[in-house]
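Structural description and commentary
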Amino acid sequence: MVGPLRLWYKDPASKWPDALPIGNGRLGAMMFGEVQQERWQLNEDSVWYGCATDRNPKDALKYLPELRKLLNDGRLKEAEDLVGMAFIGMPEAQRHYEPLGQINLTFHHSKDKMTNYQRYLDLGDAVTGVFYELDGVCYSRESFSSNPDSVIATRFSASHPSMISFDMRLFRGLDTNVYMDSIEVIGTTLVMRAQTGGNGVELCLTATVVTEGGGIECIGETIAVRNADRAYIMLATETTFRHNDPEAVCLRLVKEAIHLGYDQLRTRHVEDYRSLFSRVELRIGSEDSQNLAASKSTSERMTLARNGVTDLGLIALYYQYGRYLLISSSRPGLKALPATLQGIWNDNMSPPWGSKFTININTEMNYWLAETCNLSECHEPLFSHMKRLQKNGEVTARKMYDCSGWVAHHNTDIWADSAPQDRWIPATLWPMGGAWLSTHIWQHFEFSGDKAFLAEAYDVLRGSVEFFLDFLVEKDGYMVTNPSLSPENVYRLPNGEQGCMCVAPTMDCQLLHCLFGDFLAAAEVLGKEEDTVLRNSVRICRSQLPPLRIGRHGQLQEWLEDYEEVEPGHRHISHLWGLYPGNQITHKSSGLIDACEKTLARRAAHGGGHTGWSRAWMIALWARLGDGDEAAMHVREILRTSTHDSLLDDHPPFQIDGNFGATAGITEMLVQSHDGEIALLPALPPSWSEGSVKGLCARGGFVLDMTWSSGFLSGAVIESRLGNVCVLKAQRGFSVDDRGKVVVGPVSANVATSFQTEKGCMYRVVID
C-alpha cells in the first residue's frame, strides 16, 4: 500500500546516495534493495579514526598581540601569513568519522524474470523493505533499526515455503577486509573485530541468523541459509567509546533480540518511534491530491520536480523526512553524540570534510527543527557533547588566548576537540563556534520551560560568556572580536588586496548580542545572585558591541567596514544570523529588514543558494521576512537542484544539514514565535492555499494545530503546556475560546493580543 508518508521506488538504488537510510540515533544503515547482490552499508556514530589528543597551537598566545595589531593596522597579508604559522592546530586536522562495515547478501535467483518490484521507506513506522515476484513466488524483506533494543532487525519471507536461501558475509570498507582485524563464526553469528587507525576505538559488529525451517551452514566466513520458510538477521555493534567490552555487549544484545522475537522487536520499535514522529502532521493541498501524487514513485516525482513541476504532497513528504532523519540520527543515551555533517550515514573512510561536527553553521542547522518540530528530546545529544566541549575549550581558551571560560572554533569531533581545524584561512581561526552552540541552551528552555535543564547547562552558557568578556578588545569605542572572520567569505580592500581575517564581523556582533542576552535571561530565571557582578559586566559589554550597519548597496554590512565582497553570491549568509536563527532583527526594526531583503536579493542575483544547506537557510530567512512566495520558490529549488531521489540533501556531495534546515524553514513559514508573539501562517505562499498542520511548537510551551483554506487561516487550537501568557497574532481577525467561553476577542487582523493560559488547557482560535 502506498501512502503519503512512504518513499517508494521501482528499482534498487544504483548509487549510495539513493539507498534508503535507517537509524536508531546511533546505529544506521543504507539499504540498497538489490535482488541478487544486496548491500547494507553500516554506520555506528562512535566509529571514528584516532584518539583524543591536545592539538592546541603552542605559539598562538605568544603571537596574539602581534596578530591583533596587524589586523588593526590593515596589514591583511601579514596577518594571514601569521595565522598560517602560529594559529593552526598541531596537527592541523581533527579526527574523522568512518564507516562501520557492510553486510553483503547473495540471493540465488535471477532478477531477469522479476516483476512487481518495490523498494520503500515508511516514515510512519521507520521501516524499510523490498518486495518482488519471481516465478510465481512473492519475496519480501523488511528492516528497521531499533532504539529500545539497540539492534538492526531484518525479516526475509516468501509466499511459498522453503524459498528463502541466501549467503551472508561481513566486510569493512567497500568489498574489502583491509580495515578489520578479524572475523569469527560463533554458531550462526558472524563476529567482526577492528580498531580504527591512530589508536582509535575498538569495535565489534555481530550479525546473527535465525531461521524457521530449512537449514543454516557456516562455510569459512560465510553463513549460508538454505530453503527456509523465513529467516531473520539480528545485527548489533558497539565500540570502546561507550563500553570496555563491546563484543560482550553485542552478543548480549543479539541474544536478547532473538529471545524477544522479530514481531515484538518491531512492535517496540514502532511504539518508540511513533512517540516522537506522530506528534506532527502536515498536509499541503487537498488529501485527494496528496494521495494521487503518492501513487507515483518517489523517483518519478523527483524527475517532475527537477523539471519545475510543483508537487505539494512531495513537499510535505520531504518535510516529514527531515523529522524522520533527526529521530534516526540523534537520540538521547549513553555518551550520546550529535548528528554529523552526514547524520550517521557515511560510506567513505576519508569522508568529505571528515564528516565531523562543523560548528560555523552545519551542526547548528542540524538542530534548527528540534524545538519547533516537536522533537525536543533529539536536541539532547548536542547538549551532552557541549559539556565535553566545554572542558577541552577551557584548555584552548587558556593556551591560545589567556582567557577564562571556554572557546571552540569552526569544527569539533568525537573527542570534543576545541582547537582550530584545517589550514584554511577563510574558516580556521573563528572563535565563535562555542558561542553559537551556547545559544541553543536558552532556545531549548524557551520551548520547554525546563528549569532543571537550564540549571544543568548554565555553566556551559556562563563559561562561553566569561571567555568573551576576556577576549574582546576595545576599538573606536566598541568592544570587538579580534582576530576573527566572517565564515568562509572573502573581502577586497580598496587597494585590491583580498582576505578573510578581520575585526568584529557582523555575525560575531549578532552572536554576542544573543549570547549575552541569553545569559542574562538564564541568570534571572535561575536567581543567580552570586553572579551579580558578572551580570553587570555582561550588560555593559553588550551595550558596547558595534551596531548593525547598512552598506553602499543598501545591504546589511557583513563586516565592520563596508568592504567589497569578492564573491557576492557566496553560500554563507552569516551576517543575516540576527534575522534567522537569531532574533535581533525583526519587523520592529524596519530599516534593517529592508537591508536584509536587499542582501538576499543581491546574493540571489549573483547565484547564491547554490548548495543545499545554503538554499535551506534562504527558506527560513525569507520566511522571517514574511515573503511566502520567495520562501516557496526556494523550497521548490532545493528539491529541483539539491536533492537526491532518496530525498537526501545534495550539497553536493550529500550533507544532511540541507534536509534539516529545509524542514525548519518550512516550519517558519507556518508559525513563528521569536519576536515575543506567536504569528500564525506568517509566510504562507498563495500556492499553498489549502492545508493543515498539527503539533508544531512555539516558545512559551505552546503546541499548535492549524487549518487553512483559500490562503487564509480557518481555525487553530493551542495547547498550553506551561500555563504561560500567550501573545497571538494572525492575518485575519479572530477570537479565542476556552471550553465554550470567549477569553479574548474579537481581535483585528495583524494585531497581537495576549491572554493568560492554564497548564494543560486547550484554546480554540475562531476566525471572525
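Notes on the structure follow.

How each quantity is defined
- Residues numbered from 1 in each chain as written.
- Predicted model: local features only at pLDDT ≥ 70, side-chain atom pairs only at ≥ 80, totals over all residues.
- Heavy atoms only, no water.
- Helix = DSSP H or I, 4+ residues; strand = E, 2+ residues; numbered from the N terminus.
- Contact = heavy atoms within 4.5 Å.
- Pairing = 2+ DSSP bridges.
- Axes fitted to C-alpha atoms, helices over the stretch in contact; angles between N-to-C directions.
- Buried < 20%, exposed > 50% of the residue type's maximum accessible area, 1.4 Å probe, protein only.
- Parallel < 35°, antiparallel > 145°, perpendicular 65-115°, else oblique.
- Left-handed = near helix turned anticlockwise from the far one by under 90°.
- Nonpolar A, V, L, I, M, F, W, Y, C, P; charged D, E, K, R; others polar.
- Salt bridge = Lys/Arg side-chain N within 4 Å of Asp/Glu carboxyl O.

On to the side chain of His 109. For His 109, the position within the fold is in the loop between strand S5 (101-107) and strand S6 (115-122). When neighbours within four sequence positions are excluded, His 109 is seen to be in contact with Val 35, Gln 36, Tyr 132, Leu 134 and Tyr 139.

Strand pairing in a sheet takes place through backbone hydrogen bonds and is either antiparallel or parallel in direction. Sheet architecture is open: nine strands sit in the order S1-S6-S7-S8-S9-S16-S13-S12-S11, paired in antiparallel fashion. The sheet is open, and its two borders are formed by strand S1 (6-9) and strand S11 (182-186), each paired with just one other strand. Averaged over all adjacent pairs, the angle separating strand axes in this sheet is 15°, with direction ignored. In this structure, S1 lies alongside S6, joined through four bridges in antiparallel fashion. Following the sheet pairing, Trp 8 is matched in S6 by Tyr 120. Its contacts with the sheet put helix H4 (residues 262-277) on strand S7 (127-134), strand S8 (137-146), strand S9 (151-158) and strand S16 (230-239), and the angle it makes with S8 is roughly 50°.

We now examine unusual backbone geometry. Of note, the bond from Asn 482 into Pro 483 is cis; its omega dihedral lies within 30 degrees of zero at 10°. With respect to the helices, strands and loops of the structure, Pro 483 is situated in the loop between strand S21 (478-480) and strand S22 (491-492). Looking along the chain, the bond that leaves Gly 745 and enters Pro 746 is cis, with omega of 0°. Position of Pro 746 among the secondary structure elements: in strand S32 (residues 741-747). Despite not being glycine, Ala 416 shows a phi value in the positive range, around 60°. Following the sequence through the fold, Ala 416 ends up in the loop between strand S19 (411-412) and helix H11 (433-448). Under the relative-accessibility criterion, Ala 416 is labelled buried at 0%.

Bringing the packing of helix H6 (residues 298-306) against helix H7 (residues 312-329) into the picture now. For any two helices packed against each other, the geometry comes down to the angle between their axes and how far apart the axes lie. Two numbers describe how H6 lies on H7: the axes approach to 11 Å, and their chain directions differ by 115°. By the angle class used here, H6 and H7 are roughly perpendicular. Where H6 crosses over H7, the handedness of that crossing is left-handed. Taking contact as the criterion, the partners of Arg 301, Met 302 and Ala 305 in H6 are, on H7, Gly 313, Leu 314 and Leu 317. Of the residues in the contact of H6 with H7, the class split is four nonpolar, one polar and one charged.

Restricting attention to buried positions, one finds in helix H2 (residues 76-86) the residues Leu 76, Ala 79, Glu 80, Leu 82, Val 83, Gly 84 and Ala 86. Contacts from the buried residues of H2 go to helix H1 (60-72), S22 and strand S23 (498-499).

Among the 10 residues of S8, eight are classified as buried, and the element is accordingly described as predominantly covered. Strand direction decides the pairing type here: S7 and S8, joined by seven bridges, are antiparallel. Considered in S8, the bridge of Phe 131 is made with Ser 140. What sits between S7 and S8 in their antiparallel hairpin is a turn of two residues, with Asp 135 showing a positive phi close to 55°. The pairing of S8 with S9 spans eight bridges and is classified as antiparallel. In the strand pairing of S9, Tyr 139 is matched with Ala 158. Hairpin connection between S8 and S9: a loop of four residues separates the two successive antiparallel strands, and Ser 150 in this loop has a positive phi of roughly 55°.

Our next topic: the pattern of salt bridges. This structure, assessed with the given rule, holds 51 salt bridges. For Asp 59, the salt bridge goes to Lys 58, with nearest N and O atoms at 3.3 Å. With a relative accessible area of 29%, Asp 59 lands in the partly exposed category. Beyond isolated ion pairs, a larger network of salt bridges with shared partners links Arg 26, Glu 44, Asp 45, Glu 238 and Arg 242.

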